[in-house]
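Overview (structure and organization)
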Amino acid sequence: MSFKRSREDLTTSDPEEEPVQSLDELFSRMKTMFEKTNARIENCKSDLQSEFAVLREDMQQFKTECSNNVNKLSADLSKTRDNVSLNYERILVCGKLNDLLLSGVPYQSSENISNYVRSVSLALGYSDQDRPLIYTKRLARLPIADGTAPPLLLQFTFRAARDEFYRRYLSSRNLSLSHLGFSVNKRIYLNENLTELARSIKGSALKMKKDGKLHSVFTKDGFVQVKDRAEDEARPVHSVEQLANKPFP
């Protein structure tokens, strides 16, 4: 094997592969190698920093998208829950749309509820011939203590008859115990038969009205309606939380 080089080999060979002639040349070559190595490291560092920046940006975008999706799902779930609750409440309300409650009539063991209903009907302008068919009972468990006044449930055969009966009452609001044959002239009241939720909302709304935070509170077709000011349109309220968070959507 020959270790001699041709002229062409000497011309194309890497200078760094040439034999070192002195320490200065060795240090120079080492310095050059370190500089090239550092340059490659800096290039890799720059590339890595760019890759990390892109990766960090992608992660941040992914995080933002996930957060937005979670918030949207949460809002959709809350809306769906509210819709389910409202639909369930509507079902309960439908079962009471033919009802009215007569409040303020004291219980007597010898009372004749049918006569009470007849007297109220006559007071509202009905005759015995045209007064509607109404089933009635005390909303209380037996025995009922004398002097207490659990409301009387009035159930109408037809919704239209109930609406007309209630309309006549609202046009005058002039019913008293004297119309029922009592010796006192204390007022009695007709109201819609509300669900438990609606009663809770109405109670909170009436407290707000007393505190001057609402102008008026009433019910329509089983739902609570309120006005913030006299000139405002009435708005339905479907939860106590909605009542507290004014203005309504």
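Residues numbered from 1 in each chain as written. Predicted model: local features only at pLDDT ≥ 70, side-chain atom pairs only at ≥ 80, totals over all residues. Heavy atoms only, no water.

1. Side note on helix α3 (residues 113-123)
Applicable threshold: The buried label applies to any residue whose accessible area, calculated with a 1.4 Å probe on protein chains only, is under 20% of its type's maximum; exposed applies above 50%, and partly exposed to all values in between. Per the convention used, a helix needs a DSSP run of H or I reaching at least four residues, while a strand needs a run of E reaching at least two, with both numbered from the N terminus. Here a polar contact is recorded for every N or O atom pair within 3.5 Å, except that within protein the pair must consist of a potential hydrogen donor and a potential acceptor, and residues adjacent in sequence are included only if both atoms are side-chain atoms.
The complete set of buried residues in α3 reads Ile 113, Tyr 116, Val 117, Ser 119, Val 120 and Ser 121. A side-chain oxygen of the first residue of α3 lies 3.1 Å from the backbone nitrogen of Ser 114; this N-cap is Asn 112. Positive phi appears at Gly 125, one or two residues downstream of α3, with a value of about 95 degrees.

2. Considerations on the sheet that holds strand β2 (residues 134-138)
We apply this condition: Two strands form a pair only when DSSP identifies at least two bridges running between them. Where helices are involved, their axes are fitted lines through C-alpha atoms of the stretch in contact, as for all axes, and angles between N-to-C directions lie from 0 to 180°. We call two residues in contact when some of their heavy atoms are within 4.5 Å.
Taken together, the 4 strands give an open sheet; going across it, the order is β2-β3-β1-β4, and neighbouring strands pair in antiparallel fashion. Two strands bound the open sheet, and with one partner strand each, they are β2 and β4 (189-192). When the angles between neighbouring strand axes are averaged without regard to direction, this sheet yields 25 degrees. Judged from the 4 bridges that link them, strand β1 (residues 99-103) and strand β3 (residues 152-156) form a sheet pairing that is antiparallel. What sits directly across from Leu 100, in β3, is Leu 154. α3 rests against β1, β2 and β3 of the sheet, and its axis sits at about 125 degrees to β2.

3. A closer look at the sheet that holds strand β6 (residues 223-227)
Sheet strands pair by backbone hydrogen bonding; their relative direction is either parallel or antiparallel. Pairing is antiparallel across the open sheet formed by 3 strands, whose spatial order is β5-β6-β7. Edge strands, defined here as strands with exactly one partner in the open sheet, are β5 (216-220) and β7 (235-237). Sheet twist, expressed as the mean angle between neighbouring strand axes with direction ignored, is 40 degrees. Direction of pairing for β6 relative to β7: antiparallel, over a ladder of 3 bridges. Residue pairing in the sheet places Val 226 in a bridge with Arg 235 of β7. Together, β5, β6 and β7 form the strand contacts of helix α5 (residues 196-210), whose direction differs from that of β5 by roughly 160 degrees.

4. Side note on the nonpolar core
Convention followed: Throughout this description, the term nonpolar core refers to a set of buried Ala, Val, Leu, Ile, Met, Phe, Trp, Tyr and Cys residues connected via side-chain atoms within 4.5 Å.
Leu 102, Val 105, Leu 124, Leu 154, Phe 165, Leu 180 and Leu 190 are the most contacted members of the largest nonpolar core, which totals 22 residues. Listing elements by their share of this core, those giving two or more residues are β1, α3, β3 and α4 (159-172). Non-local contacts of Leu 102, meaning those with residues more than four positions away in its chain, are made with Val 120, Pro 151, Leu 152, Leu 154, Ile 188, Tyr 189 and Leu 190. The next biggest cluster of nonpolar side chains, apart from the first, holds 11 residues, and it includes Leu 194, Ala 198, Val 217 and Val 237.

Nothing here speaks to function; it is all geometry.
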